[in-house]
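Observations on the model geometry
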Amino acid sequence: MWNWVHQLAEWARAETPFAVVTVTECKGSTPASPGAKLLVRADGSFHGTIGGGHLEQLVLQDARACLARGEARTFRYPLGAKLGQCCGGVVDVFVEPVNHGPQLYLFGAGHVGQALCRILDGTPFRVHLVDERAEWVQSPQVPAGVVRHEEPWDDFASRAVWDEARTYVAVMTHRHDVDQDIIAFAIQQPARYIGLIGSDTKWARFRQRLEAKGMPARQVARVQCPMGLPIGGKSPQEVAVSIAAGLLQLHHGMAPGMAQEAGAQPPPAPLLSSGE
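This section reports on the structure supplied with the text. (Residues numbered from 1 in each chain as written. Predicted model: local features only at pLDDT ≥ 70, side-chain atom pairs only at ≥ 80, totals over all residues. Heavy atoms only, no water.)

1. Notes on the sheet that holds strand 3 (residues 46-48)
Stated formally: Strand pairing is assigned whenever DSSP identifies at least 2 bridges connecting the two strands. Here a helix means four or more residues in a row that DSSP labels H or I, a strand means two or more in a row labelled E, and each is numbered from the N terminus. Throughout, an axis means a line fitted to C-alpha atoms (over the contacting stretch in the case of helices), and angles, computed between N-to-C directions, take values from 0 to 180 degrees.
In spatial order, the strands read 3-2-1-5-4; together these five strands make up an open sheet with antiparallel pairing. The open sheet has two edge strands with one neighbour each: strand 3 and strand 4 (73-78). Pairwise comparison of adjacent strand axes, ignoring direction, gives a mean angle of 20 degrees for this sheet. One ladder, built from three bridges, connects strand 2 (residues 37-41) with strand 3; its direction is antiparallel.

Next up, the structure:
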């Protein structure tokens, strides 16, 4: 039997979405056995087998569809003429997506960044906290479930997985020039949300500089600044609450105004203080 546990752990560490297919029940004559597994990526690559043939091809197709929707499902496959097989049995499988949830790339481990990590703990978001300042990114105030990256932002960003459905970006470093560099990079990557902490004035200056560098207006317009929902309050914890609420609204499909269409103007947003 192949070592599916080892392969699952390796793929899980890579942060790339994949689906785990498990044969849960077999009735009659079938090429599969209960417990047989397939690990399937969106690009069609896979490990394992449930017996091969047309049944396996159909399972691979259904697994990729589940992965695209980010939903777990059970399937039943009668092995008759429709599948080009004459076994006469029935195979039930369970498909479960892994690594399909939202990923927040949080640049800046300052007061607001740490508060945002705490608030998002226990939510669907997997938070990657990026800051080269060891005393901040390794703070005990950051929950254990946060993935810490003690390194320059561009080292992380250059190897990160960018996905238009799963990637969320929040920029709140301790330096405005670094913020601008990160935003200039992020708007050229696939992402569902790109947010920058700060005021309308800060964003007006950034927008002018980005456009002066030749950044297309449709890319610049993807940035949400200021970040968060208009709940009031300027303390780090209150600002983090407003940002987390906005992210969760968007993830759960409750905030269409936050998902900027290309070239659209960002909606009115609250005035929030800087990240430190």
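What follows continues from the structure just given.
2. Regarding helix 6 (residues 176-186)
This is how the line gets drawn: Working definition: with a 1.4 Å probe on protein chains only, accessible area under 20% of the residue-type maximum means buried, over 50% means exposed, and in between means partly exposed. Any two residues whose heavy atoms approach within 4.5 Å are treated as being in contact.
Restricting attention to buried positions, one finds in helix 6 the residues V178, D179, Q180, I182, I183, A184 and A186. Packing partners of the buried residues in helix 6 comprise strand 6 (103-107), helix 5 (153-159), strand 9 (167-171), strand 10 (193-196), helix 7 (200-212) and strand 11 (223-224).

3. A few points about the packing of helix 3 (residues 111-120) against helix 9 (residues 236-251)
What counts is decided by this rule: Roughly parallel refers to an angle under 35 degrees, roughly antiparallel to one over 145, roughly perpendicular to one between 65 and 115, and oblique to any angle outside these ranges. Each crossing gets its hand from how the near helix is turned against the far one by less than a right angle, where anticlockwise is left-handed and clockwise is right-handed.
Relative to each other, helix 3 and helix 9 sit at 50 degrees, their axes nearing to 8 Å. With respect to helix 9, the axis of helix 3 lies oblique. As helix 3 runs across helix 9, the sense of the crossing is right-handed. For the pair formed by helix 3 and helix 9, the contact residues are H111, V112, A115, L116, R118, I119 and L120 on the first element and P236, Q237, V239, A240, V241, I243, A244 and L247 on the second.

4. Focus: the sheet that holds strand 10
Adjacent strands of a sheet pair through backbone hydrogen bonds, lying either parallel or antiparallel. Taken in spatial order, the six strands line up as 8-7-6-9-10-11 in an open sheet, and their pairing is parallel. On the outer flanks of this sheet lie strand 8 (147-149) and strand 11, each paired with one strand and no other.

5. Description of the pairing of strand 2
In terms of burial, strand 2 is a largely internal element, four of the five residues being buried. Here strand 1 (residues 18-27) pairs with strand 2 via five bridges, running antiparallel. Looking at the pairing, A19 lines up with V40 of strand 2. Between strand 2 and strand 3, which pair antiparallel in sequence order, lie four residues; one of them, G44, sits at a positive phi of approximately 95 degrees.

6. Thoughts on the pattern of salt bridges
Heads up, the rule is: Whenever a carboxyl oxygen of Asp or Glu lies within 4 Å of a side-chain nitrogen of Lys or Arg, that contact is scored as a salt bridge.
Counted under the stated rule, the structure contains six salt bridges. Two residues, D131 and R133, come together in a salt bridge whose shortest N-O distance is 2.9 Å. We classify D131 as buried; its relative accessible area is 6%. With relative accessibility at 14%, the residue R133 sits in the buried group. K202 is the partner of D179 in a salt bridge, and the nearest nitrogen-oxygen pair spans 2.9 Å. Of the two residues, D179 sits in helix 6 while K202 sits in helix 7, which places them 23 residues apart along the sequence. No difference in accessibility class separates D179 from K202, as the two residues are buried.

7. What about the environment of I182?
Among the structural elements, I182 can be located in helix 6. Its relative accessible area of 1% is what places I182 among the buried residues. Separated by 29 residues in sequence, I182 and W153 have C-alpha atoms that sit 7.5 Å apart. Those residues in contact with I182 that sit more than four places away from it in its chain are F107, W153, V171 and T173.

8. Observations concerning the packing of helix 6 against helix 7
Worth spelling out the cut-off: Note on residue categories: nonpolar means Ala, Val, Leu, Ile, Met, Phe, Trp, Tyr, Cys or Pro, charged means Asp, Glu, Lys or Arg, and polar means any other residue, Gly included.
Two elements in contact, helix 6 and helix 7, have axes separated by 11 Å at closest approach and are oriented at 55 degrees. The orientation of helix 6 with respect to helix 7, classified from their angle, is oblique. When the axes of helix 6 and helix 7 are compared, the crossing they make is right-handed. Here H176, D179, Q180, I183 and A184 of helix 6 lie close against helix 7, whose contacting residues are K202, W203, F206, R209 and L210. Of the residues contributing to the contact of helix 6 with helix 7, the split by class is five nonpolar, two polar and three charged.

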